[in-house]
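Spelled out, the chains give:
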Amino acid sequence: KAGVTQTPRYLIKTRGQQVTLSCSPISGHRSVSWYQQTPGQGLQFLFEYFSETQRNKGNFPGRFSGRQFSNSRSEMNVSTLELGDSALYLCASSPARAGEAKHEQYFGPGTRLTVT
Amino acid sequence: EDKVVQSPLSLVVHEGDTVTLNCSYEVTNFRSLLWYKQEKKAPTFLFMLTSSGIEKKSGRLSSILDKKELFSILNITATQTGDSAVYLCAISGGTSYGKLTFGQGTILTVHP
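Here is what the cut-offs are and how they apply
- Residues numbered from 1 in each chain as written.
- Chains lettered and ligands numbered in written order.
- Predicted model: local features only at pLDDT ≥ 70, side-chain atom pairs only at ≥ 80, totals over all residues.
- Heavy atoms only, no water.
- Contact = heavy atoms within 4.5 Å.
- Buried area = accessible area lost by both parts, 1.4 Å probe.
- Salt bridge = Lys/Arg side-chain N within 4 Å of Asp/Glu carboxyl O.
- Polar contact = N/O pair within 3.5 Å; in protein donor to acceptor, adjacent residues only side chain to side chain.
- Helix = DSSP H or I, 4+ residues; strand = E, 2+ residues; numbered from the N terminus.
- Nonpolar A, V, L, I, M, F, W, Y, C, P; charged D, E, K, R; others polar.
- Disulfide = S-S within 2.5 Å.
- Buried < 20%, exposed > 50% of the residue type's maximum accessible area, 1.4 Å probe, protein only.

Chemist: Could you give me a rundown of the interface of chain A and chain B, with the residues and numbers involved?
Modeler: Each side of the interface is counted separately: chain A has 20 residues, and chain B has 19 residues. Counting the surface lost from both chain A and chain B, the interface buries some 1,700 Å², and carbon and sulfur atoms represent 60% of this. Here chain A is connected to chain B by 0 salt bridges. Where chain A packs against chain B, one counts 7 residue pairs in polar contact (both at pLDDT 80 or more). For the side of chain A that touches chain B, the elements supplying multiple residues, two or more each, are strand E4 (31-38), strand E5 (42-50), strand E6 (53-57) and strand E10 (106-107) of chain A. Looking at the side of chain A that touches chain B residue by residue, the classes come out as 8 nonpolar, 7 polar and 5 charged.

Chemist: If you had to explain the state of the cysteines to someone new, which residues and values would you point to?
Modeler: By the definition in use, this model includes 2 disulfides over all chains. Residue A:Cys23 pairs covalently with A:Cys91 via a disulfide, S to S 1.7 Å. One quick way to see it: the torsion about the S-S bond of A:Cys23 and A:Cys91 is about -45°, and its sign makes the bridge left-handed. With A:Cys23 in strand E3 (residues 19-24) and A:Cys91 in strand E9 (residues 87-94), the pair connects residues that are 68 residues apart, well separated along the chain. For the pair A:Cys23 and A:Cys91, a shared accessibility class is recorded, and that class is buried. In this model B:Cys23 forms its disulfide with B:Cys89; the gap between the sulfur atoms is 1.9 Å. Disulfide B:Cys23 to B:Cys89: torsion about the S-S bond roughly -65°, handedness left-handed.

And the structure:
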């Protein structure tokens, strides 16, 4: 099976702009989670989608949003970019079924976002 | 709030050494503990543990969970330079669908 894919791999934006990142999960996986990784804060959970519904959200401002499509592909959007949004954004998919919260997650290669 | 603390934060060994990485956690309604290896790319899944006392093994790597004492260890025997990476411990709890809480990681460096 193909792994999790993310596009683009690298992105440079300026403050105030917005950005959309895309994630395609492993075939058959319906759960997609997003994380932000920075040297100072490590890996932090952004949100999770399952069957087009957001089931969980981390402690990030409303500028961070996401959605999931019927084919389980997911996008996340960051509006009004700030310098502190520079990070590696990781998407992970899981074979978890409805009502399950313990399945392993498989990560994509990430999108490296630099905000100048 | 869920919390994961890993130790040591960094470790330098020589090829052939055995290392033990530690992970302690606090979580409401524990579901699973996971170990990942991260090189200069995305984390790679190693193990998921859900029951106490059962050792998971994959080649030179093994891991065990103690749910009573709230910790896990990851052992790597006969280390190789290719084992150099950041090892991340994460937990899943309650009804936190899709959320893993990660520790800060242990940076392992294996010298030839």
